Number of protein chains: 2
Amino acid sequence: MKIGDLAKLTDTRVETIRYYEKEGLIPAPSRNSGNYRVYEDAHLKRLSFIRRSRDLGFTLEQVRTLLKLADNRDASCMEVDTIAAEHIVEIDRKISDLTLLRDQLVLSVDRCQGDTIADCKIIEALAPARMK
Amino acid sequence: MKIGDLAKLTDTRVETIRYYEKEGLIPAPSRNSGNYRVYEDAHLKRLSFIRRSRDLGFTLEQVRTLLKLADNRDASCMEVDTIAAEHIVEIDRKISDLTLLRDQLVLSVDRCQGDTIADCKIIEALAPARMK
DNA sequence: TATTGACCCTATAGTAACTTCAGGGTGCAT
DNA sequence: ATGCACCCTGAAGTTACTATAGGGTCAATA
Ligand SMILES: [Zn+2]
Ligand SMILES: [Zn+2]
Ligand SMILES: [Zn+2]
Ligand SMILES: [Zn+2]
């Protein structure tokens, strides 16, 4: 498998794969005669794991930890469970933050009549309300 | 007003204010004899606008645009309204993305019995499901 | 008066997770 | 032999700041 094939299979950009290699997240694959990277199935599995974790919002640092833990088949999964649980809390906070500011924006958009800047409720919502 | 005062009033770090100045978002203020920045009320207003916009999730580029538009008191606010409306759509998408992955995480955390890595449902949820 | 401490200055580098760019090879088909 | 898709490396750019190094200013205090 060449890097472009792996990229397609995992929906990842070629540059990102090289970046993961440089970061030590994926082992350096062997090379063919033309110095092209040649990947095996294990690389595909590992990259898939990384991408799925990233899609779920884990940081690369967390992915690094998860990969290490995942390699230890007989160990307890307690630490994994903790990381996931904490991450859910984090996501919940993000969602409620976003919901709050969404509501504030909707409020001002609804109040605007499409008049001039001087009367725009959106601009008003951005102006000096915050000085504490 | 010195930079520290402005920082406190707007809940902004001093370094951030200098950064905004370098980025051209805030006009360079005059200096006192000791080369300290001296701010006027107009600076406070402008910085408040910027911070409020950032709090609402607009990018600095959008803030730049909003500032320009806001200066034109007699112009129509149509463009402002459009930017805000688009931003709401963006936030909505972010919220639903986060909700989706939150649900996926909760599902796998719920299914995990705290056993070994080999049987962990969370690890399972991260493994090769994605290869398309 | 000398010194302390809080505050200010500039310039540069670091952060996360990539993406882009410059400048070049490889491999296959026409 | 030449075009084209694909590959290579190394360095710099991206966003919105934050941190660090190395140094001035100023008002109060010992
Ligand atoms: Zn997290
Ligand atoms: Zn309006
Ligand atoms: Zn937006
Ligand atoms: Zn588990």
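From a predicted model like this one, the values you see are computed outputs, not experimental measurements. Numbering of residues begins from 1 in every chain and follows the order in which that chain's sequence is written. Chain letters and ligand numbers both follow the written order, the letters beginning at A and the numbers at 1. Given that the model is predicted, a residue must reach a pLDDT of at least 70 before its local features are reported, and side-chain atom pairs must reach 80 or more before they are shown or counted; all residues, however, enter totals for whole chains, interfaces and linings. The side-chain values count all of the structure's non-hydrogen atoms but skip hydrogen atoms and water molecules.

## Remarks on the relation of the copies chain B and chain A
Mapping one chain copy onto the other needs a rotation about an axis and a shift along that axis. Least-squares fitting of one copy onto the other uses the C-alpha atoms of those residues that reach a pLDDT of at least 70 in both copies. Superposing chain B onto chain A takes a rotation of 179 degrees combined with a translation of 0.0 Å along the rotation axis, leaving an RMSD of 0.4 Å. In the structure described here, the two chain copies are related by an operation that fits a two-fold rotation axis. The rotation axis passes nearest to the C-alpha of Ile-95 of chain B in chain B, at a distance of 2.7 Å. Note on definitions: a residue-residue contact is assigned when non-hydrogen atoms from the two residues lie within 4.5 Å. Interface overlap between copies is the fraction of interface residues in one copy that are interface residues in the other; for chain B against chain A it reaches 100%, indicating a shared surface.

## Observations concerning the protein's contact with DNA strand D
Taken together, 18 residues are adjacent to DNA strand D, and Gly-4, Arg-18 and Arg-37 of chain A together with Thr-16 and Arg-54 of chain B come closest. The definition of a polar contact used here is a pair of N or O atoms within 3.5 Å, where within protein one atom must be able to donate a hydrogen and the other to accept one, and adjacent residues in sequence count solely through side-chain atom pairs. In this structure, Gly-4 of chain A approaches DNA strand D through a main-chain N or O atom, which is 2.8 Å from a phosphate oxygen. The side chain of Ser-33 of chain B places a nitrogen or oxygen atom 3.4 Å from a phosphate oxygen of DNA strand D. Elements are defined by DSSP. Helices are runs of H or I of four residues or more, strands are runs of E of two residues or more, and each kind is numbered from the N terminus. Within the residue set of the surface near DNA strand D, elements represented by two or more residues are helix H1 (3–10) of chain A together with helix H2 (14–22) of chain B. Per-element accounting of the surface near DNA strand D gives the leading share, 3 residues, to H2 of chain B. Classification used: nonpolar for Ala, Val, Leu, Ile, Met, Phe, Trp, Tyr, Cys and Pro, charged for Asp, Glu, Lys and Arg, polar for all others including Gly. Broken down by class, the residue content of the surface near DNA strand D amounts to 6 nonpolar, 6 polar and 6 charged. Note on definitions. A residue lies near a molecule or strand when any single heavy atom of the residue is within 4 Å of it.

## Some details on the interface of chain B and chain A
Listed by partner, the interface residues are 56 residues for chain B and 56 residues for chain A. One speaks of a salt bridge when a side-chain nitrogen belonging to Lys or Arg is within 4 Å of a carboxyl oxygen belonging to Asp or Glu. The interface formed by chain B and chain A holds 2 salt bridges in total. Salt-bridge contacts for Arg-102 of chain A lead to Asp-92 of chain B; the nearest nitrogen and oxygen are separated by 2.7 Å. At the junction of chain B and chain A, the tally comes to 12 residue pairs in polar contact (both at pLDDT 80 or more). Among the secondary structure elements, those contributing two or more residues to the side of chain B that touches chain A are helix H1 (3–10), helix H3 (41–55), helix H4 (60–70), helix H5 (78–111) and helix H6 (121–126) of chain B.

## Some words on the nonpolar core
By nonpolar core is meant a set of buried Ala, Val, Leu, Ile, Met, Phe, Trp, Tyr and Cys residues that side-chain atoms within 4.5 Å join together. Think of it in three bands: with a 1.4 Å probe and only protein chains considered, a residue is buried below 20% of the maximum accessible area for its type, exposed above 50%, and partly exposed in between. Ranked by size, the top nonpolar core spans 72 residues in total, and within it Val-80 of chain A together with Val-80 of chain B carry the most contacts. When neighbours within four sequence positions are excluded, Val-80 of chain A is seen to be in contact with Leu-66 and Leu-69 of chain A together with Ile-117, Cys-120, Ile-122 and Ile-123 of chain B.

## Here's the deal with the UniProt feature "domain: HTH merR-type" (unreviewed entry) in chain A
Those places that UniProt annotates as "domain: HTH merR-type" (unreviewed entry) correspond, in this numbering, to residues 1–69 of chain A. Secondary structure content for residues 1–69 of chain A is 61% helix and 6% strand, and the end C-alpha separation is 27 Å. UniProt positions are given in the numbering used here, feature names are shortened, and annotations may be inferred rather than shown by experiment.

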